[in-house]
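Below, each chain spelled out in residue letters.
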Amino acid sequence: MLNSLKDIIKPGSEEEKLADQIDVSRLPQHIAVIMDGNGRWAKKKKLPRIEGHRAGTQSVQEVVEACARIGIKYLTLYAFSKENWKRPKKEVGTLWKLLEEYLKREDKELMKNDLKLKVIGQRREIPDRVRKELERVENLTQNNHRLTIVLALNYGGRAEILDAVKKILEGKKFNSSSLTENQFSQFLYTANTPDPDLLIRTSGELRVSNFLLWQIAYSEIWITQEYWPDFRRKHVLQALVDYQKRERRFGDVQSSS
Ligand code: FPP
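**Brief notes about the overall build of the protein**
Per the secondary structure count, the protein includes nine helices and six strands. Relative to the compact-globule value of 18 Å for 257 residues, the protein shows a C-alpha radius of gyration of 19 Å, a close match. Its C-alpha atoms give the protein principal-axis dimensions of roughly 60 × 55 × 35 Å. Counting all 257 residues of the protein, 50% fall into the buried class. Contacts in the protein between residues far apart in sequence, at least 24 positions, make up 76% of those at least 6 positions apart. Taken as a whole, the protein presents about 13700 Å² of accessible surface, with 50% of it coming from carbon and sulfur. Mean positive and mean negative side-chain charge positions of the protein (46 and 36 charges, respectively) differ by 5 Å.

**Examining the environment of V130**
Residue position: V130 is located in helix α6 (residues 128-140). Given a relative accessible area of 3%, V130 falls into the buried group. Note: C-alpha distance between V130 and E100 (30 residues apart in sequence) is 5.6 Å. When sequence neighbours within four positions are dropped, the list of residues in contact with V130 reads W96, L99 and E100.

**What to know about the side chain of R131**
Position of R131 relative to the elements: it lies in helix α6. A polar atom in the side chain of R131 sits 3.3 Å from the backbone oxygen of R124. Here the side chain of R131 touches D128 through a polar contact of 3.1 Å, side chain to side chain. Non-local contacts of R131, meaning those with residues more than four positions away in its chain, are made with R123, R124 and I126.

**Points about the site of the ligand**
Near the ligand lie 17 residues; those nearest to it are M35, G39, R40, R49 and R87. In this structure, G39 approaches the ligand through a main-chain N or O atom, which is 3.0 Å from an oxygen atom. A distance of 2.7 Å is found between an oxygen atom of the ligand and a side-chain nitrogen or oxygen belonging to R87. Expressed as a share of its isolated accessible area of 630 Å², the protein-covered part of the ligand is 92%.

**Quick notes on the sheet that holds strand β4 (residues 147-155)**
Here six strands make up an open sheet; going across it, the order is β3-β4-β2-β1-β5-β6 and the pairing parallel. Looking at the sheet topology across the chains shown, the edges are occupied by β3 (115-120) and β6 (220-223). Here the average twist between neighbouring strands, direction ignored, is 20°. The pairing of strand β1 (residues 30-34) with strand β2 (residues 74-81) spans five bridges and is classified as parallel. Of the residues in β2, the one forming a bridge with I31 is L75.

**Things to note about helix α4 (residues 49-70)**
The end-to-end C-alpha distance of α4 is 32 Å, a good match for the 32 Å that 22 residues give at a rise of 1.5 Å each. Two residues or fewer after α4 comes G71, characterised by a positive phi angle close to 110°.

**Overview of the packing of aromatic side chains**
Describing an aromatic ring pair means giving the distance of the ring centres and the angle of the ring planes. In total, this model carries 11 aromatic pairs according to the counting rule given. Ring geometry for F80 versus W85: centroids 5.0 Å apart, planes at 70°, classification edge-to-face. Cluster of aromatic residues (ring-pair linked, three or more members): Y78, Y155, Y189 and F211.

**As for the pairing of β4**
β4 sits mainly inside the fold: nine of its nine residues count as buried. Examined bridge by bridge, β2 and β4 share seven bridges and lie parallel to one another. Pairing of F80 across the sheet is with L153, part of β4. As paired strands, β3 and β4 are joined by six bridges and run parallel to one another.

**Things to note about the side chain of D107**
Tracing the backbone through its elements, the reader meets D107 in helix α5 (residues 89-112). Of the polar contacts made by the side chain of D107, one reaches the side chain of R136; its length is 2.9 Å. D107 has contacts with R136, V137 and L140, leaving out every residue within four places of it along the chain.

**Some points on the pattern of salt bridges**
Within this structure, the stated rule accounts for 26 salt bridges. The partner of K108 in a salt bridge is D107, and the shortest N-O contact between them spans 3.9 Å. The salt bridge involving E205 is made with R207; its shortest N-O contact spans 3.3 Å. Residue classification places E205 among the partly exposed positions, given a relative accessible area of 21%. Relative accessible area serves as the criterion here: at 47%, R207 is assigned to the partly exposed category. The network of salt bridges with common partners includes D36, R40, R201, E205 and R207.

Rules and cut-offs
Residues numbered from 1 in each chain as written. Predicted model: local features only at pLDDT ≥ 70, side-chain atom pairs only at ≥ 80, totals over all residues. Heavy atoms only, no water. Helix = DSSP H or I, 4+ residues; strand = E, 2+ residues; numbered from the N terminus. Rg over C-alpha atoms; globule rule 2.2 N^0.38 Å. Buried < 20%, exposed > 50% of the residue type's maximum accessible area, 1.4 Å probe, protein only. Contact = heavy atoms within 4.5 Å. Areas by Shrake-Rupley, 256 points an atom, 1.4 Å probe, with all protein chains shown as cover. Lys, Arg positive; Asp, Glu negative; His and termini not counted. Charge placed at Lys NZ, Arg CZ, Asp CG, Glu CD. Polar contact = N/O pair within 3.5 Å; in protein donor to acceptor, adjacent residues only side chain to side chain. Near = heavy atom within 4 Å. Pairing = 2+ DSSP bridges. Axes fitted to C-alpha atoms, helices over the stretch in contact; angles between N-to-C directions. Expected span 1.5 Å × (residues − 1). Phe/Tyr/Trp six-rings, centres within 6.5 Å; stacked < 30°, edge-to-face > 60°. Salt bridge = Lys/Arg side-chain N within 4 Å of Asp/Glu carboxyl O.

Right under this line is the structure:
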């Protein structure tokens, strides 16, 4: 079971016990994550907020590796929302810088491990240097297949839906009686990506914060109290064990009744 993960976890550890409970034939295809609590993590440690974001990139690396080894096909990370521009200029600048550094540092690892990078969100407002770097890594990794990492950047769920409506109106191909849900979803930034099966949010907040509003219609939601910088492989496994205990009915009745 989860052989590739077992290569990096300690025999007899809590992680191994969790991994043993996971049924590889029923893994979620797509996990989406609202990474929250970087600021509070830093405050708890009497550090500047940006140190929380820096520590958060470590969690990104660990979660990406865990998902690839477990066999998850898509991992979407909410890294910068359209609302995040309201933060102090210095914090915003640091967030983009951390992302740029991550891309420069990780591009070879992405290639070595067959990982694809994709960006969703309104690209135009992303600082030029970062946008170019993102596009370079998207092009570089476009033929990789093991896991697709989708970074939501300058992303808003309502803006995504509105952008889709605008494209449809501009295209003049559909009328109100012919447009189906499947056709509509092809106009979203996430076209050709399956909807998330599992949505994880860290730091205990009970909100969806304008994230993938259309796509999470039937996602299972798992919330942990851990702040994002403390989120580890163990928590991914806990979320998966919990996910597999649930029965997904998609509005239908229980399968045994
Ligand atoms: C939420 O914590 C986190 C963010 C807004 C940014 C997430 C960014 C990273 C983890 C770093 C770079 C990302 C990549 C993909 C390399 P918060 O600041 O809202 O925390 P708070 O609610 O405690 O203030």
